[in-house]
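One letter stands for each residue in the lines below.
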Amino acid sequence: MTQVDTAAFDHEWARFESWLSAHSPADRAALREPAAPKAIAGLESRLGFALHPELRRLLELHDGAAPPVAEPGSFPLPAGTFLPLGHRLSGVDDMAMMHEILVGVGESNIEADLWEDEELAVNLHLCVPIALPNDGGVAFVDHRPGPSYGHVYEMGIGSGDLDGTLWATGPAELFRVLADSLETGSPFLYYRPSTYEHESGHHCVEWEIEA
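The written sequence of each chain sets the order in which its residues are numbered from 1. Owing to the predicted nature of the model, reporting of local features is limited to residues with pLDDT of at least 70; listing and counting of side-chain atom pairs is limited to 80 or more, with chain, interface and lining totals taken over all residues. Hydrogens and water molecules were not included; the side-chain quantities draw on all heavy atoms of the structure.

An unreviewed UniProt entry lists the chain under the name SMI1/KNR4 family protein, with Streptomyces atroolivaceus as the source organism.

Shown next as structure tokens:
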């Protein structure tokens with residue numbers, strides 16, 4: 001990654017975080033402190049490969065978002081679920097835990113001769129989870145060498161959706177289009193952003209599915 005690329009990610013993330021600060025401070029407050037360099041190195045050791053530089057940069061800024069305090073499945077969702085489908089940014093520990101689950105899912109289905117034509121699904125061991133909702137899905141960054149390297153996908157594993165939906169060509173691109181959507185009110189894919197007042201009195205981001 002070049003210095004220009006790093007600057008591009010920093011710019012798009014700053015736009016996204018600035019919008020949260022101004023319009024959804026409870027969501028912004030849910031972001032944790034930077035991940036320790038030792039923790040990031042430990043994650044890469046467990047994965048067996050280096051993190052995409054933009055994902056590494058995200059962890060250097062924030063070790064995900066704090067876990068929810070509300071009961072799973074409750075509504076409205078607690079602060080920190082500011083990505084589409086109620087996804088919450090994962091820290092290094094959740095990334096490592098969910099990666100192990102993805103590896104197990106991929107291996108068990110390969111052994112059963114399933115997904116033989118699903119190139120993404122059979123390479124889940126090369127995908128790094130970056131966000132989790134409260135319903136069994138996962139958003140991840142593709143680390144397969146080649147043209148898909150860095151792509152961000154969302155996959156509804158809990159619902160049996162294993163095709164994956166392309167969210168962006170990389171983390172910087174993801175936060176660029178999300179910031180555009182938040183600033184203009186235009187949809188991201190088929191999710192339109194809004195804010196609602198949580199029972200705590202704080203305003204939080206909500207992404208509504210357009211019919």
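Having seen the structure, we can now continue with the description.
1. Re a nonpolar patch on the surface
Where nonpolar side chains cluster on the molecular surface, the patch consists of L85, L189, Y190 and I209 and spans about 370 Å² of accessible area. Numbering of helices and strands runs from the N terminus; a helix is a DSSP stretch of H or I covering at least four residues, while a strand is a stretch of E covering at least two. Within the secondary structure, I209 is located in strand 7 (residues 203-209). Residues with no salt bridge and a relative accessible area higher than 30% make up the patches, which join like charges within 9 Å and nonpolar side chains (Val, Leu, Ile, Met, Phe, Trp, Tyr) within 5 Å. Note on areas: Shrake-Rupley, 1.4 Å probe, and residue coverage restricted to the protein chains presented here. Here a salt bridge means any side-chain nitrogen of Lys or Arg lying within 4 Å of a carboxyl oxygen belonging to Asp or Glu.

2. Observations concerning the side chain of H99
Residue position: H99 is located in helix 5 (residues 92-111). The classification of residues rests on relative accessible area computed with a 1.4 Å probe and restricted to protein chains. Under 20% of the type maximum is buried, over 50% is exposed, and intermediate values are partly exposed. H99 gets classed as buried once you look at its relative accessible area, which sits at 7%. Looking at H99, its side chain comes within polar contact range of the main-chain oxygen of H125, at 2.8 Å. The contact rule is simple, with two residues in contact once any of their heavy atoms fall within 4.5 Å. In contact with H99, not counting residues within four places along its chain, are L47, F49, L124, H125, C127 and P129. Any N or O atom pair separated by 3.5 Å or less is treated as a polar contact, with the protein-specific requirement of one donor-capable and one acceptor-capable atom, and with residues adjacent in sequence counted only for side-chain atom pairs.

3. Observations regarding the nonpolar core
Residues grouped as a nonpolar core are buried Ala, Val, Leu, Ile, Met, Phe, Trp, Tyr and Cys residues, joined through side-chain atoms within 4.5 Å. Ranked by size, the top nonpolar core spans 40 residues in total, and within it F16 and F175 carry the most contacts. In terms of residue count, the dominant contributor to this core is helix 6 (residues 171-184) (seven residues). Apart from the residues within four sequence positions on either side, F16 is in contact with F82, L83, F175, L178, A179 and L182. Counting twelve residues, the second-largest nonpolar core is a separate cluster that includes L102, L120, L124 and M155.

4. Observations concerning the pattern of salt bridges
Should their charged atoms come close, side chains of opposite charge can pair. All told, the structure shown has 13 salt bridges when counted by the stated rule. The closest approach of N and O atoms between D180 and R176, which form a salt bridge, is 2.9 Å. Of this pair, D180 and R176 are both found in helix 6, four residues apart, which corresponds to roughly one turn of the helix. The partly exposed category is assigned to D180, whose relative accessible area is 27%. A network of salt bridges, in which partner residues are shared, links E12, R15, E173, R176, D180 and E183.

5. Description of unusual backbone geometry
Of note, the phi angle at L85 is positive, near 65°, even though the residue is not glycine. Checked against the element boundaries, L85 lands in the loop between helix 4 (53-61) and strand 1 (88-89). Judged by relative accessible area, L85 falls into the partly exposed class, the value being 33%. One non-glycine residue, L189, lies in the positive phi region at around 55°. Looking at the element boundaries, L189 is found in the loop between helix 6 and strand 6 (191-197).

6. Side note on helix 3 (residues 37-47)
Here helix 3 has its buried residues at I40, L43, E44 and L47. Around the axis of helix 3, the buried residues are gathered within 95° of arc, so they sit on the same side. Every exposed residue of helix 3 that faces more than 90 degrees away from the buried side is listed here: K38, S45 and R46. Think of it as the arc spanned by the lines of direction from the helix axis to the C-beta atoms.

7. Points about the packing of helix 3 against helix 4
For every element, the axis is a line fit to its C-alpha atoms; helices are fit only across the contacting stretch, and the angle between N-to-C directions ranges from 0 to 180 degrees. Contact geometry of helix 3 with helix 4 gives a least axis separation of 10 Å together with a crossing angle of 145°. Crossing hand, helix 3 versus helix 4: right-handed. In this structure, helix 3 uses I40, L43 and E44 to contact helix 4, whose residues at the interface are R56, L59 and E60. Classifying every residue of the contact of helix 3 with helix 4 gives three nonpolar, no polar and three charged. By definition, any crossing whose near helix is turned counterclockwise from its far helix by less than a right angle is left-handed, and any crossing with a clockwise turn is right-handed. Polar here means any residue outside two lists: the nonpolar Ala, Val, Leu, Ile, Met, Phe, Trp, Tyr, Cys and Pro, and the charged Asp, Glu, Lys and Arg; Gly therefore counts as polar.

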